[in-house]
Amino acid sequence: MAVQRMVLVYLQVAAVAALLAATGLRAQLRVGFYDRSCPAAEIIVQQEVSKAVGANPGLAAGLLRLHFHDCFVRGCDASVLIDSTKGNTAEKDAGPNTSLRGFEVVDRIKARVEQACAGVVSCADILAFAARDSVALAGGNAYQVPAGRRDGAVSRASDTGGNLPPPTANVAQLTQMFGTKGLTQRDMVVLSGAHTIGSSHCSSFSGRLSSSGTTAGGGGQDPTMDPAYVAQLARQCPGGKADPMVPMDYVSPNAFDEGFYKGVMANRGLLGSDQALLSDGNTAVQVVTYANDPATFQSDFAAAMVKMGSVGVLTGSSGKIRGNCRVA
């Protein structure tokens, strides 16, 4: 097992190098960016994420989601961390982001990093490291993260519109939204596997459970959903003002594994956008592959995270290093 894991890590590092060379980002983002300027940076991130996830396992999904929501709006520039002000409503207060978690963990990381090496490590890189460490702590592969991102100074709630995939999106919509970020349909399917950990509010999928919502079938329960699963979810989501949370992966909700894809194959994808992956021939093949080949899912996910982490980055003289991740 140790030899197999070493081989997987080697292949991931090689894939990262090939990807950065292909995208022209080698000189801008690189593994070991802080080796000289702040050698403790990644250690501090790992320590704080480990403490946070140890106390609350759900924060692994929260920190992973923070990185995703950051990169899909204005690029990976930590703009999702900026607080709203009297004159501006920031990204974090836009509808799709109000359930984001993990901000306090980032605050603790940033405070320690600033003590170790002030003005050196960006909030954007902290998000990328924290996402990687969250995946590893939940049982996924610990991949190498190229760093060197700098922080943005603009965060507007209005910028989230059309950039963050809604839970009702179909394959065509998902492919288009990921495509605008330079990510392929294949990247989209493997990054959807992040839903193997974490939970979703009932309001994100309740329309699939009864005739009160709009479904692909024109009313009634979503025909693509296992009826027994519908009944189970209906009990967990009784309606009313309360909006409980339900695990995204009913198979193994706290383990970063192939359980998400097994759930989709069993017509138990929680979100409409999850189950939609089985409706298209190309994406369905990928779902089946990952459900039956966990090692391929893990290595492909690591490569896709590195690729996503390079979306719209600010490097070199662009952007800044924010001393407080909440303040622009």
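Residues numbered from 1 in each chain as written. Predicted model: local features only at pLDDT ≥ 70, side-chain atom pairs only at ≥ 80, totals over all residues. Heavy atoms only, no water.

(A) Quick look at the UniProt feature "binding site: Ca(2+) 1" (unreviewed entry) in the protein chain. Here the UniProt-annotated "binding site: Ca(2+) 1" (unreviewed entry) positions come out as Asp70, Val73, Gly75, Asp77, Ser79 and Glu91. For this annotated set, covering 22 residues, all C-alpha atoms fall within 12.4 Å of each other, a compact arrangement in space. Checked against the element boundaries, Val73 lands in the loop between helix 3 (59–71) and helix 4 (103–116). Here Val73 falls in the buried class, since its relative accessible area comes to 0%. Contact partners of Val73, with chain neighbours within four places excluded, come to Ser79, Glu91, Asp159, Thr160, Asn163 and Leu164. (UniProt positions renumbered as here; feature names shortened; annotations may be inferred. Helix = DSSP H or I, 4+ residues; strand = E, 2+ residues; numbered from the N terminus. Buried < 20%, exposed > 50% of the residue type's maximum accessible area, 1.4 Å probe, protein only. Contact = heavy atoms within 4.5 Å.)

(B) Up close: the environment of Met308. Take Met308: it is sitting in helix 12 (residues 294–308). Along the chain, Met308 and Cys76 lie 232 residues apart, while their C-alpha atoms are 8.4 Å from each other. Contacts of Met308, omitting those with residues within four sequence positions, involve His67, Phe68, Cys71, Phe72, Cys76, Leu183 and Leu191.

(C) Spatial organisation of unusual backbone geometry. For Ala78, which is not glycine, the phi dihedral falls at a positive 65°. Here Ala78 is to be found in the loop between helix 3 and helix 4. Look at Ala78 and you get buried, because its relative accessible area is 0%.

(D) Local environment of the pattern of salt bridges. Per the counting criterion, the structure on display carries 17 salt bridges. The partner of Glu114 in a salt bridge is Lys110, and the shortest N-O contact between them spans 3.0 Å. Residue Glu114 and its partner Lys110 are both found in helix 4; the two are separated by four residues, about one turn of the helix. We note that Glu114, like Lys110, is buried. Among the ionic pairs, Lys307 bridges to Asp187, the shortest N-O distance being 2.8 Å. Taken together, the residues Lys307 in helix 12 and Asp187 in helix 7 (residues 185–192) connect sequence positions 120 residues apart. Residue classification places Asp187 among the buried positions, given a relative accessible area of 10%. What emerges from the salt-bridge pattern is a single network uniting Glu48, Lys51, Arg108 and Arg112. (Salt bridge = Lys/Arg side-chain N within 4 Å of Asp/Glu carboxyl O.)

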